[in-house]
Amino acid sequence: MSWHQGPLAGFDLETTGTDIERDRIVTAALIRLDGDGRAAGAQSWLLDPGVPIPDEASDIHGISTAYVREHGSPPATAVEDITEALAAVLRADVPLVVMNARYDLSLLDRECRRHGVPTLTERLGHGPTPVIDPLVLDKHVDRYRKGKRALQALCGHYGVRLDGAHEAGADAAAAAGVARRIGAKYPAVALPSPRALHALQEEAAAEQAASFQAYLRRTGDPKAIVEAAWPLIPYQR
């Protein structure tokens with residue numbers, strides 16, 4: 001049985017911005033799905049990140065600084081709970097689906113360090129695996145397709161319903177749905193082992209980064225550095 005026919009867990013963050021070293025988690029969701037795509041469990045978190053949420057971030061996910069200050073959990077407690085929930089999924093060898101995993105998992109790693117709680121890597125004793133990233137997979141199986149590859153665009157392309165874009169639970173479930181559709185459509189990635197798929201994505205992500213770096217040298221900023229590591233950007237002291 002291929003990974004796309006079995007249980008999956010979808011994970012998503014909504015944050016204060018896009019800088020993994022500086023920005024903070026506002027909401028998180030972990031959705032467990034059984035083999036036919038039905039919800040088998042869900043956890044969600046609302047955090048008071050301890051810093052103001054910029055208007056441009058609130059405009060995307062709809063959550064204000066005032067709201068999280070009244071209703072949000074302390075960030076250290078929530079980050080501990082989120083990270084342990086992900087560790088439990090990966091210890092059970094259930095694939096963790098994360099759209100643009102390089103961003104979400106790296107930002108979570110930095111939040112752990114910021115609040116002095118064990119990182120996902122420290123809890124597992126190794127890097128997070130098996131992870132499935134619909135963004136990496138889609139670029140791998142359909143490299144030359146034109147157009148956007150954000151989650152909403154991928155949902156439209158693969159016929160996956162997305163109710164409430166930029167709500168962490170909806171995005172997590174949709175990402176898992178996209179991953180499952182890719183696995184069903186493309187035999188090249190319908191591998192029986194999620195860990196084999198994880199290794200394939202590590203190679204694919206590095207190739208995609210190298211290709212984009214070459215593109216920037218030709219057409220953009222030749223000094224820009226494109227991160228090749230996946231699914232976690234290493235922490236630089």
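Everything below is about the structure printed above this text.
Summary of the structure given here.

Cut-offs used in this document
- Residues numbered from 1 in each chain as written.
- Predicted model: local features only at pLDDT ≥ 70, side-chain atom pairs only at ≥ 80, totals over all residues.
- Heavy atoms only, no water.
- Helix = DSSP H or I, 4+ residues; strand = E, 2+ residues; numbered from the N terminus.
- Polar contact = N/O pair within 3.5 Å; in protein donor to acceptor, adjacent residues only side chain to side chain.
- Buried < 20%, exposed > 50% of the residue type's maximum accessible area, 1.4 Å probe, protein only.
- Pairing = 2+ DSSP bridges.
- Contact = heavy atoms within 4.5 Å.
- Axes fitted to C-alpha atoms, helices over the stretch in contact; angles between N-to-C directions.
- Parallel < 35°, antiparallel > 145°, perpendicular 65-115°, else oblique.
- Nonpolar A, V, L, I, M, F, W, Y, C, P; charged D, E, K, R; others polar.

**Remarks on the side chain of R149**
- Considering the arrangement of structural elements, one finds R149 in the loop between α6 (134-141) and α7 (151-158).
- Within the local environment of R149, its side chain forms a polar contact with the side chain of D138, the two groups lying 2.6 Å apart.
- Here D142 takes part through its backbone oxygen, which lies 2.9 Å from a polar atom of the side chain of R149.

**Quick word on α6**
- Among the eight residues of α6, six are classified as buried, and the element is accordingly described as predominantly covered.
- Those residues of α6 that sit buried are P134, L135, V136, L137, D138 and V141.
- One side-chain oxygen at the N-terminal end of α6 lies 3.0 Å from the backbone nitrogen of L135; it belongs to D133.

**Side note on the sheet that holds strand β1 (residues 8-15)**
- The five strands are arranged β3-β2-β1-β4-β5 in an open sheet whose pairing can be described as mixed. Taken across any chain shown, the strands that pair with only one partner, and hence form the sheet edges, are β3 (39-46) and β5 (131-132).
- One ladder, built from three bridges, connects β1 with strand β4 (residues 96-98); its direction is parallel. Counterpart to F11 in the pairing with β4 is V98.
- Those strands touched by helix α8 (residues 168-185) are β1, β2 (25-33), β4 and β5, and its axis lies near 45° from that of β2.

**Focus: the packing of α6 against helix α9 (residues 194-219)**
- Closest axis-to-axis distance for the α6/α9 pair is 9 Å, and the angle between their directions is 70°. With respect to their mutual orientation, α6 and α9 come out roughly perpendicular. Judged by residue contacts, V136, L137, K139 and H140 of α6 engage L197, L200, Q201, A204, A205 and Q208 from α9.
- When the residues that make up the contact of α6 with α9 are grouped by side-chain class, the tally is six nonpolar, three polar and one charged.

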